[in-house]
Structures are given as structure tokens and as C-alpha cells.
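Structural overview
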Amino acid sequence: MLATGSVPMIGNFVRESLDLHLFFARIMREHAIFMQAGFLPKDVTYLQQAAQFKCQYDEILKEAIRLSDCTTSGEVLQSEELLTDKTLRAEQKTQELTGIPIDMALTAEELRLNPDSGTLPAEIEPYVCALNQKAMLLITSFAEFKAIVLDQVTHCCLITNLFPLQIEHVYKEALYYLKVLKRLQNNQFVDSRVDLLEQEVFWDEIMGEHARFVRHLLDPSERALCRKAKELTKGFERLEQKMKGEGLPASSFGRLMHENIAATLSIAEFKAMGTELILACQLKSLLSPLLIDHTLREANYYMRILQTWKPGYLGRR
Ligand SMILES: [Fe+2]
Ligand SMILES: [Fe+2]
């Protein structure tokens, strides 16, 4: 049992590290599940490696949950970036459909997490530091695995049911997790506006790609939803181009922030509706319920970043 005490100096490091793992370790374990579900039975080594990564991320997530009770930010718990009201049902259905075991006890445990109580266990920092180190090693090896799979697929030496764009996409998300974690571990603070701009460029691209591959995974007969996905794709491509525009003045920054918020809300609604339709067996597609819920949580994560912005306040920190 850890003793409790007020440790304000390490509060941000501990809280931000644990919030990051609660979100991203779950995201990574799901990437492993999607990859495992995507390989053919003959590709035994790839299947085993994906299964192993899933178990290793279970361990990271388990440790993050153990350390997070009464340390997690209330806003993170409320943002539905960690879990939505559909995640557990999506896990149950995906396990049933794929036969891949998913540790749902972790999800149930995470649903019971209490928000930050204003005090932190005095000895928590070294545990968090060790967890960060362990996670950095695992992210690096998982990113390498994704890069190898992408290389094999693009050289026509391997076939999976994931588009090359999806494999590249999950690779980029691993690198992002690693980058943020390294910054935290090294106590690096960058200019807040650059930080926010960089995140918006990254997440606009990610949201645009979600819309692109969801559109291609919908049955062609689902015309209305295919049209909506195409419209969302174009919206995020436009935003990404604008965010990359050189010398963005502060006035444009505020306007673009509102456009990003509106676009992200719109794609989150689309994904939430899609998840419910799939769970109710009312949508024809190649999407698993967990895949679309996963993309919804990523939209919620981005939404929380965007909502930290207020006119005159240009960053998260
Ligand atoms: Fe993802
Ligand atoms: Fe994603």
C-alpha cells in the first residue's frame, strides 16, 4: 500500500504520464488486436507476435490503472477518451466475432477509477518513471513491428485485411505516443503554441485518415454513410492544409481552432452513431465494433486537447 502525501512538484509529471498511458496503452493493445485479426492463419509468426504485443500492453495498462486511482484528471475521465459507454460492449462483441481474447476485467476496473483527489502517493514517482521506461521500450519494438509489416505488405510479401494506410496510421500513432512520452520523461517543455499547432496538424491528419478508411470499410450499399465519410475526409484535408499554412497569424489560429472543434465534433458524432449501428447489427461493413469505438476515443482525445484552448491562451501547458 502506498503512503499518501502532497507532492505538487511531481504532480504534473505523474498525472500526465498516467493519463497518457491510460489512453495510449489501450490504443496500442487494440492495434495489436486489429493486426492479429488481420493476418492469415499461415502467417503464424506474425500472429504470435501480435498476440504477444497485446499481452505486453495489457501489462502496461494494468500497471497504469493500478497507479491511477485518485490521480487521474477529472477532465480526462469525463472526456470519454479512455472509455466510451460503448467500449465494453464493443470488446465483448469483437472477442465473440474474432475469437481473440480481450482482457475485459481491465476495462471494468478502469471504469471504477476515481478522479484526482488533490494528493498523490509520496512514493509514486519512481513507479511512474519505471512504467514510462518500460512503455518506451515496448512502443519502440511495436513501432518496428508495424514498420516491418507495412514494408512486407507494400512489397507484396504479406497480405492482411488492413489497408496499408491503416498500418501506416497505427505506426504514426505509436511514434506520437513515444514522442510525447519522451518529452514527459525528459521534462521537456516546448512553446505552447507550437505544441498545440503541431498536435492539430497531427490529429487533423489522423481524423482525415479515419474518415478515409472507414469509408472504404463500409459496404458500398451504405451510400449515405459513405457520402458522409467522404465529406468528413475533405473537411479534414482542408483543415490540415490550412494548419500547415506558413506564418499562421493569431487571428487565423482562433478561427481555425473553432473549425477544428466543429469538424472533430462532427466526426465523433459519426463514429458514435456508427458504433451503435454496428453493435445493433444495423450497418453493413467490414468494421469491427472495437475498431470504430477506438477511432471515437481518438476523436475524444483530440477534442479534449482542442477544448483546452481559449482566446488569448494558445496552448495546453
Ligand atoms: Fe489508433
Ligand atoms: Fe487512429
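Described below are features of the structure shown in this document. The structure presented is a predicted model; accordingly, all values stated were derived computationally and were not measured. (Residues numbered from 1 in each chain as written. Chains lettered and ligands numbered in written order. Predicted model: local features only at pLDDT ≥ 70, side-chain atom pairs only at ≥ 80, totals over all residues. Heavy atoms only, no water.)

For a metal bound by four donors in a tetrahedral arrangement, the ideal donor-metal-donor angle is 109.5 degrees, while six donors in an octahedral arrangement ideally sit at 90 or 180 degrees. Protein-derived coordination of the iron ion (ligand 1) comes from His-31 (NE2), Glu-173 (OE), His-294 (NE2) and Glu-298 (OE), at a distance range of 2.0 to 2.3 Å. Linear spacing of the donor residues for the iron ion (ligand 1) on their chain is H-x141-E-x120-H-x3-E. Residue classification places Glu-173 among the buried residues on the basis of a relative accessible area of 0%. (Donors = N, O, S within 2.8 Å, 3.2 Å for Na, K, Ca; no water. Buried < 20%, exposed > 50% of the residue type's maximum accessible area, 1.4 Å probe, protein only.)

This part is about empty space enclosed by the protein. Counting across every chain of the model gives three cavities of 30 Å³ or more. Of the volumes computed, that of the largest cavity is approximately 110 Å³. His-31, Phe-34, Gln-166, Val-170 and Leu-291 are the residues nearest the centre of the largest cavity, which is lined by 15 residues in total. Counting residues per element, the lining of the largest cavity draws most heavily on helix α7 (residues 164-185), which supplies five residues. (1 Å grid on protein atoms, 1.4 Å probe; cavity = no way out; pocket = protein on both sides within 12 Å on 5 of 7 lines; lining within 4 Å. Points joined across faces, edges and corners; volume = space filled by probe spheres on them. Helix = DSSP H or I, 4+ residues; strand = E, 2+ residues; numbered from the N terminus.)

Positive charge collects at one region of the surface, where Arg-215, Lys-230, Lys-234 and Arg-238 lie side by side. It is helix α9 (residues 223-244) that contributes the most residues to the positive patch, three residues altogether. Assignment of secondary structure puts Lys-230 in helix α9. The exposure class assigned to Lys-230 is partly exposed, which follows from its relative accessible area of 38%. (Patch = residues over 30% accessible without salt bridge, like charges linked within 9 Å, V, L, I, M, F, W, Y side chains within 5 Å. Areas by Shrake-Rupley, 256 points an atom, 1.4 Å probe, with all protein chains shown as cover. Salt bridge = Lys/Arg side-chain N within 4 Å of Asp/Glu carboxyl O. Lys, Arg positive; Asp, Glu negative; His and termini not counted. Charge placed at Lys NZ, Arg CZ, Asp CG, Glu CD.)

The next subject is a negative patch on the surface. A contiguous patch of negative charge on the surface is contributed by Glu-59, Asp-69, Asp-103 and Glu-109. Its location among the elements puts Glu-59 in helix α2 (residues 44-68). Overall, Glu-59 belongs to the partly exposed group, its relative accessible area being 42%.

Along the chain, the position of Glu-209 falls in helix α8 (residues 192-217). Using a relative accessible area of 5% as the deciding quantity, one classes Glu-209 as buried. Residues Glu-209 and Thr-295, spaced 86 residues apart in sequence, show a C-alpha to C-alpha distance of 10 Å. Not counting residues within four places of it along the chain, the set of residues in contact with Glu-209 comprises Leu-165, His-169 and Lys-172. (Contact = heavy atoms within 4.5 Å.)

Here Leu-97 shows up in helix α4 (residues 87-98). For Leu-97, a relative accessible area of 56% translates into the label exposed. Placed 191 residues apart in sequence, Leu-97 and Ser-288 show a C-alpha to C-alpha distance of 8.5 Å.

In this structure, Ile-167 sits in helix α7. Assessed through its relative accessible area of 0%, Ile-167 is described here as buried. Expressed as a C-alpha distance, the spacing of Ile-167 and Phe-34, which sit 133 residues apart in the sequence, is 9.9 Å. Other than its neighbours up to four places away in sequence, Ile-167 contacts Lys-146, Val-149, Leu-150, Val-153, Thr-160 and Leu-162.

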